[in-house]
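Notes for the structure review
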Amino acid sequence: PIHPGTSVGVTFVINQELTNADDTETFELILGRAMALKIKWHNNDNLTILNVYTPNNTTQHPEFWEKINEKWQEKNLPHPDFMLGDFNLTEDSLDRALAKLDNENAISALRELRNQLNVQDTWRETHPSERLFTFYSNTNSHSRLD
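Residue numbers run consecutively from 1 along every chain, following the written order of its sequence. Predicted model: local features are reported for residues with pLDDT of at least 70 only, side-chain atom pairs are reported and counted for 80 or more only, and whole-chain, interface and lining totals are derived from all residues. With hydrogens and water set aside, each side-chain value is computed from the structure's full complement of heavy atoms.

When two rings of Phe, Tyr or Trp (its six-membered ring) have centres within 6.5 Å they constitute a pair, described as stacked for plane angles under 30 degrees, edge-to-face for angles over 60, and tilted for the intermediate range. Tallied over the entire structure, the rule returns two aromatic pairs. Centre to centre, the rings of Phe64 and Trp65 are 4.9 Å apart; their planes meet at 75°, and the pair counts as edge-to-face. We classify Trp65 as buried; its relative accessible area is 1%. Centroid distance Trp65 to Phe87: 5.8 Å. Interplanar angle 25°. Geometry classified as stacked. Pair noted here: Trp65 is in helix H1 (residues 61–74) and Phe87 is in the loop between strand E4 (82–86) and strand E5 (96–97), with a separation of 22 residues, a long-range link. Each of the two residues, Trp65 as well as Phe87, counts as buried. These aromatic residues form a ring-pair network of at least three members: Phe64, Trp65 and Phe87. Relative accessibility decides the category of a residue: with a 1.4 Å probe and only protein chains considered, values under 20% of the type maximum give buried, values over 50% give exposed, and everything between is partly exposed. Numbering goes from the N terminus for both helices and strands, where a helix is a DSSP run of H or I of at least four residues and a strand is a run of E of at least two.

Right under this line is the structure:
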């Protein structure tokens, strides 16, 4: 670890009773911050998952998302089927209470990566006006970050 004792990191947990762990490949994209998993799914198909733990400082996001795209292309990975993790960002003021828009450069960089990788925010697409939060702070602010 870069900073032992801190909470930074991503991982995947594979249930070996449901999945053959021998048919998995992991790809480190950014040490402790982003990795991909490719796993056999339904015998002949592959499932690719991108897992991220984005820096708290949104000014670092554009470089973070660009580096993921660069590494994704270098490793010639297929479009991910799922992109998940802790984004430390809300793309829409609807996803935060008290409502506010996050850093526009960070939002734009995330959207650019999603376009490049051909993934979407399926929850927001399915629920365009609903508010649901995944993070509650002790300062009474709520966000849908993950």
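Our focus in this paragraph is the nonpolar core. Here, nonpolar core means buried Ala, Val, Leu, Ile, Met, Phe, Trp, Tyr and Cys residues that are tied together by side-chain atoms lying within 4.5 Å of each other. Leu29, Leu50, Val52, Trp65, Ile68 and Met83 are the most contacted members of the largest nonpolar core, which totals 22 residues. Contributions of two or more residues to this core are made by strand E1 (24–30), strand E2 (34–41), strand E3 (45–53), H1 and helix H2 (104–117). A per-element tally of this core places H2 first, with six residues. When neighbours within four sequence positions are excluded, Leu29 is seen to be in contact with Ala34, Met35, Ala36, Leu50, Ile68, Lys71, Trp72, Lys75 and Leu77. Two residues form a contact once any of their heavy atoms are found within 4.5 Å.

Let's shift gears to the packing of H1 against H2. Where helices are involved, their axes are fitted lines through C-alpha atoms of the stretch in contact, as for all axes, and angles between N-to-C directions lie from 0 to 180°. With their axes 8 Å apart at the nearest point, H1 and H2 run at an angle of 15° to one another. As the angle between them shows, H1 and H2 are arranged roughly parallel. As H1 runs across H2, the sense of the crossing is left-handed. Packed against H1, whose contacting residues are His61, Pro62, Trp65, Ile68, Asn69 and Trp72, the element H2 presents Asn105, Ala106, Ala109, Leu110, Leu113, Gln116 and Leu117 at the interface. Throughout, the ten residues Ala, Val, Leu, Ile, Met, Phe, Trp, Tyr, Cys and Pro are labelled nonpolar, Asp, Glu, Lys and Arg are labelled charged, and all others, Gly among them, are labelled polar. When grouped by side-chain class, the residues that make up the contact of H1 with H2 number nine nonpolar, four polar and no charged. Oblique is the label for any angle not covered by the other classes, which are roughly parallel (under 35 degrees), roughly antiparallel (over 145) and roughly perpendicular (65 to 115). Helix crossings fall into two classes, left-handed where the near helix is turned counterclockwise from the far one by less than a right angle and right-handed where it is turned clockwise.

Here Asn69 shows up in helix H1. Once residues within four sequence positions are removed from consideration, Asn69 is found in contact with Leu113, Gln116 and Leu117.

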